[in-house]
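Architecture and fold: a report
Here is what each chain is made of, one letter per residue.
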Amino acid sequence: MKWLSAWLLTGDMYMVALRDVGRWGVGVFGAAWLHAAQAPKARQPRQQAVGLRTAGLFAATLLGLVSGGGGAFASAGCTAVNSQAFLTSFDIGFGNATVGPISPFAVGDKITFTFTGTDLWQLSTGNSTFLFNGNNPATFSYTVQGINSDTSLTESKGFFNQITATCTPVSIGSSNTDNTDSQKVAAVQVIGSKVVAETSGAAITSAIDGAISDGLGGNLGAPSTGEDGLGAPPFNLGAGSARTSRPGGFAAPSFIGATDQNGAGSAQREWKAWASVRGSGWDEDDRNPNAGGIDGHQINATFGLGRLLMPGVLVGIVGGYESFSYDFDGVDGRLEGDGVTAGGYVGWVVARNLRFDAAGTWTGLSYDATAGAATGSFDADRRLVSTGLTGTHDLHGLIIEPSARLYALWEHQDTWVDSLGTSQAERSFSVGRASSGAKLIAPWQAGAGITISPYAGLYADYRFSSDDALPVDQPLLGLDDGWTARATAGLAMTFDGGAQLSIDGELGGIGSGDQSISTVSGRVSVPF
């Protein structure tokens, strides 16, 4: 029967609709199943089977009509707390006192603890997630959210603490403002931080990919035979300028080992500094009146330094800064913050027409969340890894650049307490994207020492994610897992001496139905 309990916890909009019809019934029905399952640990699809929902709604409605009445239904956990299950007194001697686990609580139950003494106190959930771990805070409140197995609670205390606790049961059909706003700010955290992570993952990996392409000479010249009769490889492993036999013609890249007209070897620049700035905007249409939408922007500045260890092998270090602000209309909330990034990357020309690359970064983040009267701040850290294969092929003077890429990131967020005194549990989630597609490049020698290369690309993206938290009674927003398309276009300029400048535009989320992610970025790289 666990599947039915999990479905009831995720069918938020439908349960909300029934609250005014069967107050006692819905409460009884939900509490009867809370002991049988934990809250789902991964985001569920918005569309469930029609038959399941119909059966569940019929059962809940029937119980509501039979029970009738109004007010609050006290869960077994809430009843136990109000019967002084959490009551503890001063200890004489050594050792800690542990009370619990006490369960099951209903989602929305609010437990308030009052302390005498200043010793250590801990409150943890059924999966050992700490909701509080430190010297007692005089008073502490927690609203059960249905995450991290928090329908079961255990407390541990030090020598000299006395604790009393009371539980306010969730009131079906009432307007508990504190509870609602605390749930909304939790939804802002869950939804918003995943939006930030997806945007940063795409921005950082794109910047590193561009840096590796530039550092290995770029793919902006046709892999054809140069003036000197030597076959040029697909990547310009030095920083020499592109050459052409006539003004306005297509350029062939210079490469390590080539000789100039005087027979001298072309200069190789081992180091290349680069910087990329990318602005991203999310827009989710308000087509679902119960969900609202996402509206916001994010700036990712990424910079680094690459070095050629040998022909075809590049290593580099990367740093970055991100700043973001998103509004979520469905929960009347906002998420703002910033973060710093550090990491490294490697690129390797494994064959004439094939390049491999890999990268890893760490990001430290600070978030500020607001929803109604609930506000608060929390910290997080994020780890990202990426890899990819990129090809380069001549197509009648044009260059086609097929690629297959993958990135995955993991983020952990600390426990925090919002301005209404509700403890928001620690959280971990992961996000990733696998993509495949191609870019078409048209390099053109614009004049002495300048090559202009307009390009356009089209990619298929597959998003995947996991999460140990779900918003309680709040809409699920953001891109769903699965397939979408992404289009990109831009212009790159390569100057005599190897410096490069590019401007790029991108539209993602194509095919998602009601979401779009638009970006504009600029990148510059200078060899020395």
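Just so it is clear, the model here is predicted, and its values are computed rather than measured.

About the criteria used
Residues numbered from 1 in each chain as written. Predicted model: local features only at pLDDT ≥ 70, side-chain atom pairs only at ≥ 80, totals over all residues. Heavy atoms only, no water. Helix = DSSP H or I, 4+ residues; strand = E, 2+ residues; numbered from the N terminus. Areas by Shrake-Rupley, 256 points an atom, 1.4 Å probe, with all protein chains shown as cover. Patch = residues over 30% accessible without salt bridge, like charges linked within 9 Å, V, L, I, M, F, W, Y side chains within 5 Å. Salt bridge = Lys/Arg side-chain N within 4 Å of Asp/Glu carboxyl O. Lys, Arg positive; Asp, Glu negative; His and termini not counted. Charge placed at Lys NZ, Arg CZ, Asp CG, Glu CD. Buried < 20%, exposed > 50% of the residue type's maximum accessible area, 1.4 Å probe, protein only. Phe/Tyr/Trp six-rings, centres within 6.5 Å; stacked < 30°, edge-to-face > 60°. Lys NZ or Arg CZ within 6 Å of the ring centre and 35° of its normal. Pairing = 2+ DSSP bridges. Axes fitted to C-alpha atoms, helices over the stretch in contact; angles between N-to-C directions. Disulfide = S-S within 2.5 Å. Contact = heavy atoms within 4.5 Å. pLDDT = per-residue confidence, 0-100. Core = buried A, V, L, I, M, F, W, Y, C linked by side-chain atoms within 4.5 Å.

For the protein, the helix and strand inventory stands at six helices and 25 strands. Summed over its atoms, the accessible surface of the protein is roughly 21700 Å², and 60% of this surface lies on carbon and sulfur atoms.

A separate point is a negative patch on the surface. On the surface, Asp283, Asp295, Asp329 and Asp332 cluster together to form a negatively charged patch. Within the fold, aspartate 329 resides in the loop between strand 12 (313–328) and strand 13 (333–351). Looking at aspartate 329, the relative accessible area reads 53%, which means it is exposed.

A few words on the packing of aromatic side chains. Tallying each qualifying case throughout the model produces seven aromatic pairs. An aromatic cluster of three or more residues is present, and its members are Phe324, Tyr367, Phe378 and Trp416. Residue placement shows lysine 439 over the ring face of tyrosine 455; its charged tip is 4.6 Å from the ring centre.

The next point concerns the sheet that holds strand 3 (residues 110–116). Through backbone hydrogen bonds, the strands of a sheet pair up, either in parallel or in antiparallel fashion. What the three strands build is an open sheet, ordered 6-3-8; its pairing is antiparallel. Every interior strand has two partners, whereas the edge strands, strand 6 (139–143) and strand 8 (162–168), have only one. Across the sheet, the axes of successive neighbouring strands diverge by a mean angle of 15°, strand direction being ignored. Relative to strand 6, strand 3 is paired through five bridges, and the arrangement is antiparallel. By the bridge assignment, phenylalanine 113 is partnered in strand 6 with phenylalanine 140.

Bringing the state of the cysteines into the picture now. Going through the model one piece at a time under the given rule, you end up with one disulfide. Each sulfur in the disulfide pair cysteine 78 and cysteine 167 lies 1.9 Å from the other. Taking the sign of the S-S torsion, -105° for the link of cysteine 78 and cysteine 167, the bridge is left-handed. With a gap of 89 residues between them, cysteine 78 in helix 5 (residues 76–82) and cysteine 167 in strand 8 connect regions that are remote in the sequence. Judged by its relative accessible area of 0%, cysteine 78 falls in the buried class.

Bringing the environment of serine 124 into the picture now. Within the secondary structure, serine 124 is located in strand 4 (residues 120–125). Here serine 124 falls in the buried class, since its relative accessible area comes to 15%. Expressed as a C-alpha distance, the spacing of serine 124 and leucine 153, which sit 29 residues apart in the sequence, is 5.8 Å. Once you skip the residues sitting within four places of it in the chain, serine 124 turns out to touch Thr129, Phe130, Leu131, Ser152, Leu153 and Thr154.

Okay, the sheet that holds strand 4 next. Strand order in the open sheet formed by four strands is 2-7-4-5, and the pairing between neighbours is antiparallel. Looking along the sheet, the strands with just one partner apiece sit at the ends: strand 2 (97–102) and strand 5 (130–135). When strand polarity is set aside, the average angle formed by the axes of neighbouring strands in this sheet is 10°.

Detail in the predicted coordinates should be disregarded across regions flagged by low pLDDT. On average, the protein scores 74 in pLDDT, and the residues at 70 or more come to 68%. For the stretch residues 286–291, pLDDT sits under 50, and the model shows eight contacts to residues farther than four places along the chain or on other chains.

With that settled, the discussion passes to the pairing of strand 14 (residues 354–371). The sheet contact formed by strand 13 and strand 14 spans 18 bridges and is antiparallel. Across the sheet, residue glycine 347 finds its bridge partner in strand 14, namely aspartate 357. Between strand 13 and strand 14, which pair antiparallel and follow one another directly, the connecting turn spans two residues. For strand 14 and strand 15 (residues 374–391), the ladder comprises 18 bridges, and the chain directions are antiparallel.

Before going further, it helps to spend a moment on the nonpolar core. Within the largest apolar cluster, 23 residues are counted, with the highest numbers of intra-cluster contacts made by Val188, Tyr326, Phe328, Leu335, Tyr367 and Ala369. For this core, the secondary structure elements donating two or more residues are helix 6 (177–215), strand 12, strand 14 and strand 15. Here this core gets six residues from one element, more than from any other, and that element is helix 6.

This part takes up the pattern of salt bridges. The final tally for this structure, using the stated rule, is 18 salt bridges. In this structure, the salt-bridge partner of aspartate 214 is arginine 523, at a minimum N-O distance of 3.1 Å. Residue aspartate 214 is found in helix 6, and its partner arginine 523 is found in strand 25 (residues 515–527); the two are separated by 309 residues along the sequence. Residue class for aspartate 214 comes out buried when judged on its relative accessible area of 4%.

Further remarks concern a nonpolar patch on the surface. Together, Trp348, Val350, Leu354 and Leu389 give the surface a local cluster of nonpolar side chains, amounting to about 330 Å² of exposed area. By the element assignment, valine 350 lies in strand 13. The exposure class of valine 350 is partly exposed, given its relative accessible area of 34%.

Tracing the backbone shows leucine 398 in strand 17 (residues 398–413). What makes leucine 398 partly exposed here is its relative accessible area of 25%. Residues leucine 398 and tyrosine 455 lie 57 residues apart in sequence; the distance between their C-alpha atoms is 9.8 Å.

The next subject is the pairing of strand 7 (residues 153–157). Within strand 7, five of the five residues are buried, which leaves the element mostly enclosed by the surrounding structure. Here strand 7 shows two buried faces, one formed by Leu153, Glu155 and Lys157 and the other by Thr154 and Ser156. Inspection of the sheet shows strand 2 paired to strand 7 by four bridges, in the antiparallel sense. Directly across from valine 99, in strand 7, lies its bridge partner glutamate 155. Strand direction decides the pairing type here: strand 4 and strand 7, joined by five bridges, are antiparallel. In the strand pairing of strand 7, tryptophan 121 is matched with lysine 157.

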